[in-house]
Amino acid sequence: MEYKHQIRIALAVVSLATISLLFVRHRRRRQSRNSSQISCYLQSDPKPQFAFKRVLADNSYSQFKHLKLQDATNEDSLNSHPYEKEITPLIKNPSVKFGFDLDNVELKEMSDFYVWIETESQLKELDDKLSKERVFAVDTEQHSLRSFLGFTALIQISTQNEDYLLDTITLHDAMGILRPVFADPSICKVFHGADNDVLWLQRDFHIYVVNLFDTAKACEVLSKPQKSLAYLLETYCGVATNKLLQLEDWRQRPLSAEMIQYARTDAHYLLYIARCLISELKQQENDENLTSVLEACCRSNSTCLQLYTKDIEEFPGESAASSLFSRHLSDQGSSSVSCEIQDLVRRLCTWRDLMARVHDESLRYVLSDQAIVSLADNLPKNPTEIYDTVAQANLNSNLNTNSSLSSASLVYSHFDDFCYIIQDRKRNIDDIFSQLLKKSLGPNGSCPLSVYNYALLVNCDLRLSNRSVMKKNGMKNYRQVARKASRELFVKKFSCKAPVYHNCRIFANDGRLLCYCDQRKLEWYLRRGLAKLIEENPPAIMLLFEPKGRPEDEDNDFYIQSKKNICVSCGEGSHYLRYRIIPSCYRMHFPEHLKSHRSHDIVLLCVDCHEVAHAAAEKYKKEVAVVFGIPLFVRKVVDSKEARVIPGPSSSEPHAEELGVSPLQLRTAAMALLRHGQTMPSQRREELIQIVAQYYGGREISHEDLEQALLVGMSPHGRRRFKKKRGLPLKHSTANIISNNNVANGVAMAQTTTGSTYTVVLDGSQNTGAEPAVENGDEDCFAVTDIDVGVCPNLQGADENDSPIRKEIFTGSVDDNCENGRVDDLYNPTDERNALPKNNSKVSLLGHGPHGKQVVDHILKESGEDGIRAFCKRWRQVFVEATHPRFLPGGWDVMHRQRI
């Protein structure tokens, strides 16, 4: 590793010297010429994708157009999924098409023989062969560094008998030949981690996958410790693969033997892996007693409904500029960014966006974020300083040496324009953008036209009129743009991918409606012969036995009302997320019979209404913390074996909590050091080492200390999963050895038989999120929110006037079994406020879990189950007051009462 690092430094020095030489030549040419123009670097460095005759996703600012089938009706939206009708039955009833048989698939060593497909006739032959298969495996290799949107450079397809490698660069314009076989619902396509592959095939070839089995989804259903393909290859096939080859330049032809071996491996063993996973799924049933195989198929085919979209901004580079303001520039130590720096960053991001689209390069290849930050921070005054700043920043970026050098070639080709943007602050950015576009792609443009950039001239919709309005609002509007982009990404990633409510009906054997349910629950009754189908559209069944309860027993009509898949607040139907009205940190500790009606308190909200409701819930949590005197957060943890604890307040020795660090901050720093400690900048490495050292009392830390720090604050379940994933021993250490003699001035010291101890400081600060909270001069306080996990001391008995900033110290082992560990003698047993509850394995020290348990325990002790009902009622009132819901299901009621 050290040898490679030295080679990398040497290459970087050579690259920097070469870049400097380029700049010297450029300066001499400028001095010797009057009207000659430097040609674009692409004139001598053509790209393989420029040979494509047609591309579906160009670099213009227009939306991506999906395939429209010939039999599509006029009512069909232009961007609706063309095969939605074929995919939907596979989600609602996976057993319909789950007919492929992998029992005959055996583990075969990969031979030297494979078929390289590079002609259209070969592709047609492959299509004929695949159409006769019932199942085949697929994988893709992408190239993104030297392309703005990226493109598929290779597709690997494996049947039970042969491996095929498809040269999609040569065959790019003919790949539509495989469109029918990928859309055939009678043929199952096996992928691993298909979320991106599905979108890439749509983007490049209008190929839509119908009937998918994703081995990564199967791993999720089986709760595998890892779901990477490398893990599956090693576990089931005993094959090791070098995933770093995924980052190779897959455009090169011919491919190296190592790259071919890697590409074939990803698809060759996939059918056998799928067989093994399906075999395990058949032996396991999920919590609702639904067949796990069907659940995996349902999740897989939900992926098929995803649609590729291009990210369109109001103005080029706006989102990137806003992101840089928040991620980099504000980190310099000031809370605001000067107008001069804002303007320069916007100009550079606009230039980078346009150059990336014109040359079909990635943003990071054109100009790294680090280069933009350096230019904005240093404000170079002349071309020499500008070039030196860019060259140094590129060498320090994540690009490899060769890429950094080529990136300088792009800046060199347009260096006059680049300097002009930095030095001339008077010209309007709108005018500069139009001028750059014409100078690059106009009649006498310096850059070659291609299928990727031609539409920039023909259909360039920049919406400059909106830009003039935005400029009046300054930074505020740029933050709104960034917020909008973040919102769209959140919606795409986290919103429900399929309808939540299927509104299937279940009737009693006397014909009375019992409830509404989803399709899978209905099929569960039918498969077991417990019901008969009485209606098909919408589906309805009649039970063949007498149910345990009926709606009238509940005195609530909520459960016999159909529900719409819309936001209950505003009625938005294009996207929605589930929202828990009563936060999980409280409900998870309710008595079991009070948790049975959770569907009443889980509603659908759009992203905007979800944000409003969440903000109101967080505010009310703080009020709960004040009223009950129970802190919200675990503020710090300290390794008590190393921490120096003062005997009294007058001592000059530092208090244990002054050496502490938040559990989440500790874990993040330890993980970063373990993964990237050898390659990260030395200054950043020292900062992270200091964070971990705070936990260990300031002493030097070892590799074992970092491994142990990862476990601090985790729940027993989380620790078991983590250890299993990393191959660590699963055996827990013994319980704490704690006595009253260990307690001094409210600070308890505990040791395990392994010597591993830590001190916990609870903090009820009003701070939320992972932000520093400054209190009483303690500036290293760190609050962590919304991670359900841990144990903490009980602070019962506090009245409403207690400060929410009360602190208690808890000492325990990082390997405690939270269900069995006894820590009652940490505090004075005569003081009820210091009585510690039994630990709960479902919670950890990283979030609101400890707070929630103490609140629920306090309510049950003081008011019993009536107090819990009143607590739930208040949470519903908070929800209603915050969102003013207009579309709640019939029968929903703030006063909803659970039956005991």
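Just above sits the structure.
Everything in this summary refers to the structure shown in the same document. Treat the numbers as computed from the prediction; the structure is a model and nothing was measured.

Our focus in this paragraph is the side chain of D601. Assignment of secondary structure puts D601 in the loop between α24 (584–587) and β12 (602–605). On the basis of relative accessible area, D601 is assigned to the buried category, the value being 1%. A polar contact of 2.9 Å, which involves the side chain of D601, links it to the side chain of R587. Within the structure, D601 has its side chain in polar contact with the side chain of H600 (distance 3.1 Å).

Between helix α6 (residues 215–222) and helix α10 (residues 292–304), whose axes approach to 9 Å, the crossing angle comes to 135°. Accordingly, the angle class assigned to the pair α6 and α10 is oblique. In the packing of α6 onto α10, the handedness of the crossing is right-handed. Of the residues in α10, those in contact with K217, A218, E220 and V221 of α6 are S292, E295, A296, R299, S300 and T303. Taken together, the residues of the contact of α6 with α10 sort by class into 3 nonpolar, 3 polar and 4 charged.

Taken as a whole, this structure holds 15 aromatic pairs when the rule is applied. Residues Y620 and W875 carry aromatic rings whose centres are separated by 4.7 Å and whose planes lie at 85° to one another, so their mutual orientation is edge-to-face. Of this pair, Y620 sits in helix α25 (residues 607–628) while W875 is found in helix α30 (residues 849–883), placing the two residues 255 residues apart along the sequence. By relative accessible area, which is 1% here, W875 ends up buried. Through a chain of ring-to-ring contacts, three or more aromatic side chains come together here, namely Y586, Y620, F871 and W875.

Our next topic: the nonpolar core. Residues V345, W351, L367 and F418 are the most contacted members of the largest nonpolar core, which totals 49 residues. Elements that contribute at least two residues to this core include exactly α11 (318–327), α12 (339–359), α13 (363–366), α14 (369–378), α15 (383–396), α16 (401–413), α17 (415–423) and α18 (429–441). Counting residues per element, this core draws most heavily on α12, at 10 residues. Look past the residues within four positions of F418 in its chain and what remains in contact with it is L348, W351, L367, L375, I386, V390 and V411. Ranked by size, the runner-up nonpolar core spans 36 residues in total, among them Y83, L178, V209 and C298.

Pairing is mixed in the open sheet, where 4 strands are placed in the order β8-β7-β10-β9. Sheet topology places β8 (513–517) and β9 (531–536) at the edges, where each strand pairs with a single neighbour. Each strand axis lies, on average, 25° off the axis of its neighbour in the sheet, ignoring direction. Inspection of the sheet shows strand β7 (residues 504–507) paired to strand β10 (residues 539–543) by 3 bridges, in the parallel sense. Its bridge partner being in β10, R505 is matched across the sheet by A540. Contacting β7, β8, β9 and β10, helix α22 (residues 519–527) crosses the sheet at an angle of about 40° to β10.

This part is about a nonpolar patch on the surface. A cluster of nonpolar side chains, L449, Y454 and L457, forms an exposed patch at the surface whose accessible area comes to about 300 Å². Examined against the element boundaries, L449 turns out to sit in the loop between α18 and α19 (454–458).

Attention now moves to the pattern of salt bridges. In the structure shown here, the tally under the stated rule is 28 salt bridges. Ionic pairing is found between E120 and K124, a salt bridge with its closest N-O pair at 4.0 Å. Here E120 and its partner K124 are both found in helix α3 (residues 120–131), 4 residues apart, which amounts to about one turn of the helix. Look at E120 and you get partly exposed, because its relative accessible area is 43%. Of the charged contacts in the structure, one is a salt bridge between E881 and R874, with a shortest N-O distance of 3.6 Å. One salt-bridge network, in which partners are shared between bridges, spans E220, K227, E295, R299 and R520.

So, on to the pairing of β7. Two faces belong to every sheet, and in a regular strand the side chains alternate between them. Every second residue of β7 is oriented toward a common face, with C504 and I506 on one face and R505 and F507 on the other, all of them buried. Bridge count for β7 against β8 is 4 bridges, and the pairing is antiparallel. Residue I506 lies in a different strand from β8, and its bridge partner there is C515. The antiparallel hairpin formed by β7 and β8 contains 5 residues in its connecting segment, where G511 sits at a positive phi of about 90°.

Scoring rules and cut-offs
Residues numbered from 1 in each chain as written. Predicted model: local features only at pLDDT ≥ 70, side-chain atom pairs only at ≥ 80, totals over all residues. Heavy atoms only, no water. Helix = DSSP H or I, 4+ residues; strand = E, 2+ residues; numbered from the N terminus. Buried < 20%, exposed > 50% of the residue type's maximum accessible area, 1.4 Å probe, protein only. Polar contact = N/O pair within 3.5 Å; in protein donor to acceptor, adjacent residues only side chain to side chain. Axes fitted to C-alpha atoms, helices over the stretch in contact; angles between N-to-C directions. Parallel < 35°, antiparallel > 145°, perpendicular 65-115°, else oblique. Left-handed = near helix turned anticlockwise from the far one by under 90°. Contact = heavy atoms within 4.5 Å. Nonpolar A, V, L, I, M, F, W, Y, C, P; charged D, E, K, R; others polar. Phe/Tyr/Trp six-rings, centres within 6.5 Å; stacked < 30°, edge-to-face > 60°. Core = buried A, V, L, I, M, F, W, Y, C linked by side-chain atoms within 4.5 Å. Pairing = 2+ DSSP bridges. Patch = residues over 30% accessible without salt bridge, like charges linked within 9 Å, V, L, I, M, F, W, Y side chains within 5 Å. Areas by Shrake-Rupley, 256 points an atom, 1.4 Å probe, with all protein chains shown as cover. Salt bridge = Lys/Arg side-chain N within 4 Å of Asp/Glu carboxyl O.

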